[in-house]
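# Notes for the structure review
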Amino acid sequence: MAEAAAQARVARGAVAWEAVIGIEVHAQLRTASKMFCACSADLRDAGPNTHTCPVCLGMPGVLPVINRRAVELVLSTGMAIDAEIASVTRWDRKNYFYPDLPKGYQISQFDLPLAAHGQLALDTSEGPFTVRIRRAHLEEDTARLQHTADATGRRISLVDFNRSGLPLLEIVTEPDIRTAEQARRYAEELRLLLRTIGASDAEMENGQMRVEANVSIRPAGTHGFGVRSEVKNMNSFRAVERAIAHEIERQAAVLEAGGTLVQETRGWDDVRNETYTMRSKEDSDDYRYFPEPDLPPLRTDPAWLDAIRASMPELPAKRRTRYVSILGLTPYDAGVIVADPAASALFEDALASAAGLPADRRPVPKALANWVTGEYLRLAKQRDDGGHASGAELTRLVSMVGEGRISGTNAKEVFGRHVGSGEPVEAIVSSMGLTQISDSVALSAAIDGVLAANPAAVADCRAGKDQAVRFLVGQVMKATRGQANATMVQRLVRERLEERA
Amino acid sequence: MTDRRLTRLLAREMAHGLRAGEFSARELVEAHLDLVHATDRGLHAWLFLDEEAARAAADLADARLADARREGSAALDALPLLLGVPLGLKDLVVTRGQTSTAGSRILEGFVGPFDATIAARIREAGAVVLGKTNMDEFAMGSSTEHSAWGPTANPWNLGRVPGGSSGGSAAAVAAYQVPLAIGTDTGGSIRQPAALCGVAGIKPTYGRVSRYGIVAFASSLDQVGPLARDARDLAALLQVIAGRDVRDSTSSPVPVPDYLASLPEGDDEAAAALRGLRLGLPREYFGAGMEPGVEARVREAAAALESAGAEIVDVSLPHTEYGLATYYLIAPAEASANLARYDGIRFGHSSRQGDVLANYLATRGTGFGPEVKRRIVLGTYALSAGYYDAYYVKAQKARTLIKADFDAAFERVDALVAPTSPTVAFPLGARTQDPVAMYLSDTCTLPVNVAGLPGLSVPCGLSDGLPVGLQIIGPAWDEAGILRIARAYEAITADAGWRRLDPADLPALDDPKTPAPGLPAGTAV
């Protein structure tokens, strides 16, 4: 520490600082029950202390039984980050006293994590970047404390043990990250990975994914480590980026003013847009780790690992590459689709349906992708349930548009209703009477009527006003209740105006 | 007035009498409760009695017996053996709706919200739980003097300790208050009090019996086991509690044999099991500190086994001398974490004062006794940064060596025969001021826990009028084997004069003027 501080002072006045950032993520694993007992892990709408039992309350005499699914989810995460999977692992007790820790120790993993030495590749505005991951392990969550006051105004703390014993995945990176943006992108990409493989819902807003950053700075070009602070309480990806950017600035300002930094834990205040001291960490805690005697060591036998590997879905990075190089999507569209597991699933289903159509009626991937990135994501965001879109129906709709059976405008309306209800698009089209008029004879009658009714607009057209043409086309569309093929109407209106001229 | 003679029966005899309709389960439970009421002031074997629950269980047993009797002898035979038989649980077995303090003030008022697996199995078997027996606080001790609720006396001499930590269970069985009791054994806590009270007790292989619902002392060493008045009663209760439990990941799926089936009723047949058997006498178990009277009784027992056909060979367990140090690093280390949950926040004793830290200090400072505090400090120290490798890791290596000693011995012999305790019961207060002297009570038993093996103790005579225990140690999972040897030893000594002696101070226990057991002035813990 002293050495690092000395280096910082030497560089005082120099503008160039380099940040050294490591990220620790805790994600709640997507299991039906808690890590060591049968209590439900689904805490939605749960009143305080309703998801508890003697085991997760740490009553006398209770013993933990490992949740096999939780182990599998950590193993699949390890595989997804190209980590080495332990052939033998065990659990350890991390000892400390706090009212949120009912047993007085947390069952975690110390020197034999389930997965180690992985990596995660991501894109940033400055190009691709790979973060090395030190370890991924399984541990249990603690209870939640609520600080409040009783009826007499005395300050009290209440404990809610619902979260006690929920399975947590902890993933720790090497100190490879250099910018706040890289940190945010790492968190986003990790979240996507966890959601893709089904390991976690990883919603930062409700605490299913918690990001902590160890931040220090050093003069650019040097290799020592500065005094680090651990930044917590970042409840969104935006907060991750802003908090780290702020912390880098703060540390630089302290050092440039000739000050020294202390090792501490700092919280992020989203409203005041700054970090603040939570506690000093000058003495390292002694957690007195030792192997958990209540749980036998676990062997990850090759057949089990093979089965987990075989059930892994396509990972985001691979999927993006396929969308761009094989399907011809733009990297941007590929990124947008892959970033949203529901959109990605819809697109995959639509592609699969399209593959079953004859070539002349088969929509191209690009057309399907446009619908997914445009209409689908717009509609899904407006709904709490994400909607009921089906890939097969989307393909059918896009195919109808391609065949000229329905206008693009009406297709959007049909799709909107489909997302809302899940009803098949054919049924919506016929119930709305929206089959497109592409018959020039039928359209001619409507066009004649509109031209006769709008002599002033017709005159403006002849005077060369394009606006007036668009007005007439719009009137025809209105007269046909949108069922006219707009491209054909436009062509026919221009032809008719020329004829009349 | 109930018939006190009922309390003199063995558990199997009670089961037989119940089926034959000689007496009812209700009569049986009343006889035992009356005896407890009459004698426990001077003995203090019990911390808690649930007479209502016991009577209800007895009535239920009588109803099942009546139903079966109507259906015929096949239905009677199909009933669980221990249906209607009274027993006691050590005060660290958590039971639903009843108190369990583990002998500690810090669990004062704690009412269990669930049944320990063994308690559930015992209830399913129809046995009648009378209540909870006294013990050293959190099973840390060898004399039951470290109970927060006062010591238990030894029925053979009320001025002496019953051993510990399952001293209440051993004394209750010895004094005929119950034919059976549950104990736990982390370093000798079933075998040593069984030896000192002149009864039988078995510590099964680690993993044989579920620990779910047993207040933990040292997780990698704790095992639950029965105490009884002979080997076959031990087998009957072991049968009920043994076997894999999904709630205890360290419990084993190794199949549980029919223990009683391999223990013949007839003495000649039982003794025949010794022929061709090789039994080892580990020379390190006859070291300094052993009372000559104890050594004499154990060597006589070995000679009796030899003359009945067993081959006795001298064996060495060279790392025995590291047993005590190994145990007193591993057990306190695990205990320091296991006892962290007693923080005054969710259950039991709480000082309810000051902020979080002040409340921890006050709750744990007043809730734990001195021996428990000593072991928490020892364990915390052994696990601390900078000491972990020197103490905890080294102890685990020594543990491996101690296990290897036993493995090597069992290549040569079928079982080991040794003293259970180096001494007979010592006077109350004699060792409370000297922890190391107290720890030495367990030198012959704790290596067996360190190695995770099954071991039992059966009475093998008296020294200075006090019982001596013969320890029989077997390979992992061979409880049946050591029970067969114990049964054979009972058979070949069936006519020994000491077998007909009652604990000498039983008459004093019936005297209402006999005071509650207490420590001499100046020796209080």
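Residues numbered from 1 in each chain as written. Chains lettered and ligands numbered in written order. Predicted model: local features only at pLDDT ≥ 70, side-chain atom pairs only at ≥ 80, totals over all residues. Heavy atoms only, no water.

### Some points on the overall build of chain B
When helices and strands are tallied, chain B shows 18 helices and eleven strands. Overall, the C-alpha framework of chain B stretches about 65 × 55 × 50 Å when taken along its three principal axes. Every one of the 525 residues in chain B was classed for burial, and the buried ones make up 63%. When contacts within chain B are restricted to residue pairs at least 6 apart in sequence, long-range pairs at least 24 apart make up 76% of them. Put simply, chain B shows about 17700 Å² of open surface, and 54% of that area lies on carbon and sulfur atoms. Of the side chains in chain B, 49 bear a positive and 61 a negative charge, and the two mean positions are spaced by 3 Å. (Helix = DSSP H or I, 4+ residues; strand = E, 2+ residues; numbered from the N terminus. Buried < 20%, exposed > 50% of the residue type's maximum accessible area, 1.4 Å probe, protein only. Contact = heavy atoms within 4.5 Å. Areas by Shrake-Rupley, 256 points an atom, 1.4 Å probe, with all protein chains shown as cover. Lys, Arg positive; Asp, Glu negative; His and termini not counted. Charge placed at Lys NZ, Arg CZ, Asp CG, Glu CD.)

### Here's the deal with the overall build of chain A
Within chain A one finds 16 helices and 16 strands. A globule of 501 residues ought to have a C-alpha radius of gyration of about 23 Å, yet chain A, at 30 Å, is considerably larger. Oriented by its inertia axes, the alpha-carbon framework of chain A measures out at about 95 × 60 × 60 Å. In chain A, buried positions account for 50% of the 501 residues. Taking the contacts inside chain A whose residues are at least 6 apart along the sequence as the reference set, 69% of them involve residues at least 24 apart. A total of about 23000 Å² of accessible surface is found on chain A, and carbon and sulfur atoms cover 51% of it. One way to put it: in chain A the 60 positive side-chain charges average out to a point 2 Å from where the 66 negative ones average out. (Rg over C-alpha atoms; globule rule 2.2 N^0.38 Å.)

### Description of the sheet that holds strand 2 (residues 84–85) of chain A
All names here are of chain A. Spatial strand order, 2-6-7-10-1-11-12-13-14: nine strands in an open sheet with mixed pairing. Of all strands in the sheet, those bounded by a partner on one side alone are strand 2 and strand 14 (274–280). As judged from the two bridges shared by strand 2 and strand 6 (residues 115–124), these two strands associate in the antiparallel manner. Looking across to strand 6, one finds that Ile85 is bridged to Ala115. Sheet strands touched by helix 2 (residues 68–80): strand 2, strand 6, strand 7 (127–140) and strand 10 (167–173). Its angle to strand 7, the strand with the most contacts, is close to 160°. (Pairing = 2+ DSSP bridges. Axes fitted to C-alpha atoms, helices over the stretch in contact; angles between N-to-C directions.)

### Observations concerning helix 8 (residues 341–355) of chain A
All names here are of chain A. The end-to-end C-alpha distance of helix 8, which contains 15 residues, comes to 21 Å, matching closely the 21 Å that a straight helix rising 1.5 Å per residue would cover. Those residues of helix 8 that fall on the buried side of the exposure criterion are Ala343, Ser344, Leu346, Phe347, Ala350, Leu351 and Ala354. Taken end-on, helix 8 shows its buried residues confined to a sector of 160°, consistent with a single buried face. Exposed and facing more than 90 degrees away from the buried side of helix 8 are Ala352 and Ala355. The N-terminus of helix 8 is capped by Asp340, whose side-chain oxygen sits 2.9 Å from the backbone nitrogen of Ala342. (Expected span 1.5 Å × (residues − 1). Arc of directions from axis to C-beta. Polar contact = N/O pair within 3.5 Å; in protein donor to acceptor, adjacent residues only side chain to side chain.)

### Section: the interface of chain A and chain B
Listed per partner, the contact involves 31 residues of chain A and 37 residues of chain B. Across the chain A to chain B interface the summed buried area is about 2700 Å²; carbon plus sulfur atoms make up 63%. One can count one salt bridge joining chain A with chain B. Arg211 of chain B is the partner of Asp294 of chain A in a salt bridge, and the nearest nitrogen-oxygen pair spans 3.0 Å. Put simply, the parts of the chain that give the side of chain A that touches chain B at least two residues each are strand 4 (92–95) and strand 15 (290–291) of chain A. Among the residues forming the side of chain A that touches chain B, the class breakdown is 22 nonpolar, four polar and five charged. (Buried area = accessible area lost by both parts, 1.4 Å probe. Salt bridge = Lys/Arg side-chain N within 4 Å of Asp/Glu carboxyl O. Nonpolar A, V, L, I, M, F, W, Y, C, P; charged D, E, K, R; others polar.)

### Brief notes about the domain arrangement of chain A
Here the domain parsing of chain A yields domain 1 (2–299), domain 2 (314–432) and domain 3 (440–500). Inter-centroid distance (C-alpha atoms) of domain 2 of chain A to domain 3 of chain A is 32 Å. (Domains from an automatic or database assignment.)

### Regarding the sheet that holds strand 6 (residues 223–228) of chain B
All names here are of chain B. Reading across the sheet, the eleven strands line up as 1-3-2-4-6-5-10-11-9-7-8 and stay open at both edges, with mixed pairing between neighbours. In this open sheet, the two edge strands, each paired with only one partner strand, are strand 1 (46–49) and strand 8 (311–315). Between one strand axis and the next, the sheet turns by 30° as a mean value, whatever way the strands run. Strand direction decides the pairing type here: strand 2 (residues 86–90) and strand 4 (residues 180–185), joined by three bridges, are parallel. From the neighbouring strand, Leu87 faces strand 4, where its bridge partner is Leu180.

### So, the pairing of strand 9 (residues 155–160) of chain A
Looking along a regular strand, one sees the side chains alternate between the two faces of the sheet. Residues and elements named next belong to chain A. Pairing of strand 8 (residues 144–149) with strand 9 involves six bridges; the strand directions are antiparallel. In the strand pairing of strand 9, Thr148 is matched with Ile156. Counting the residues between successive antiparallel strands, the hairpin from strand 8 to strand 9 contains five residues, one of them, Gly153, with a positive phi of roughly 90°.

### Thoughts on the pattern of salt bridges
A side chain of one charge can pair with a side chain of the opposite charge if their charged atoms are brought near each other. All names here are of chain A. Tallied over the full model, the rule gives 68 salt bridges over all chains. Among the salt bridges present, the one from Arg266 reaches Glu264, with a minimum N-O distance of 2.7 Å. In this structure, Glu495 engages Arg491 in a salt bridge whose closest nitrogen and oxygen atoms are separated by 3.3 Å. Taken together, the positions of Glu495 and Arg491, both in helix 16 (residues 486–500) and four residues apart, correspond to about one turn of that helix. On the basis of relative accessible area, Arg491 is assigned to the partly exposed category, the value being 44%. What emerges from the salt-bridge pattern is a single network uniting Arg184, Arg185, Glu188, Glu189, Glu241 and Arg320.

### With respect to unusual backbone geometry
Across the junction of Gly164 of chain B and Ser165 of chain B, the peptide omega takes the value 10°, indicating a cis bond. Within the secondary structure layout, Ser165 of chain B lies in the loop between strand 3 (128–133) and helix 6 (167–174). Residue Asp45 of chain A is not a glycine yet carries a positive backbone phi of 60°. Classification of Asp45 of chain A by relative accessible area gives exposed; the value is 84%. The backbone phi angle of Arg352 of chain B is positive, close to 45°, even though this residue is not glycine. Structurally, the position occupied by Arg352 of chain B is in the loop between helix 11 (323–338) and helix 12 (356–367). Arg352 of chain B gets classed as exposed once you look at its relative accessible area, which sits at 72%.

### Structural notes on the pairing of strand 10 (residues 455–463) of chain B
Residue and element names in this part refer to chain B. Among the nine residues that make up strand 10, nine are buried, leaving the element largely enclosed by the rest of the structure. Where strand 5 (residues 200–203) lies against strand 10, three bridges are found, and the strand directions are antiparallel. Following the sheet pairing, Lys203 is matched in strand 10 by Gly455. As judged from the seven bridges shared by strand 10 and strand 11 (residues 466–473), these two strands associate in the antiparallel manner. Within the sheet, the bridge partner assigned to Val458 lies in strand 11 and is Leu470. With antiparallel pairing between neighbouring strands as the criterion, strand 10 and strand 11 make up a hairpin whose turn holds two residues, including Asp464 at a positive phi of roughly 55°.

### Section: the side chain of Asp248 of chain B
Within the fold, Asp248 of chain B resides in the loop between helix 8 (231–241) and helix 9 (267–272). With relative accessibility at 1%, the residue Asp248 of chain B sits in the buried group. Looking at Asp248 of chain B, its side chain comes within polar contact range of the main-chain nitrogen of Arg211 of chain B, at 2.9 Å. Setting aside anything within four residues of it in sequence, one finds Asp248 of chain B in contact with Leu63 of chain A together with Val209, Ser210, Arg211 and Tyr212 of chain B.

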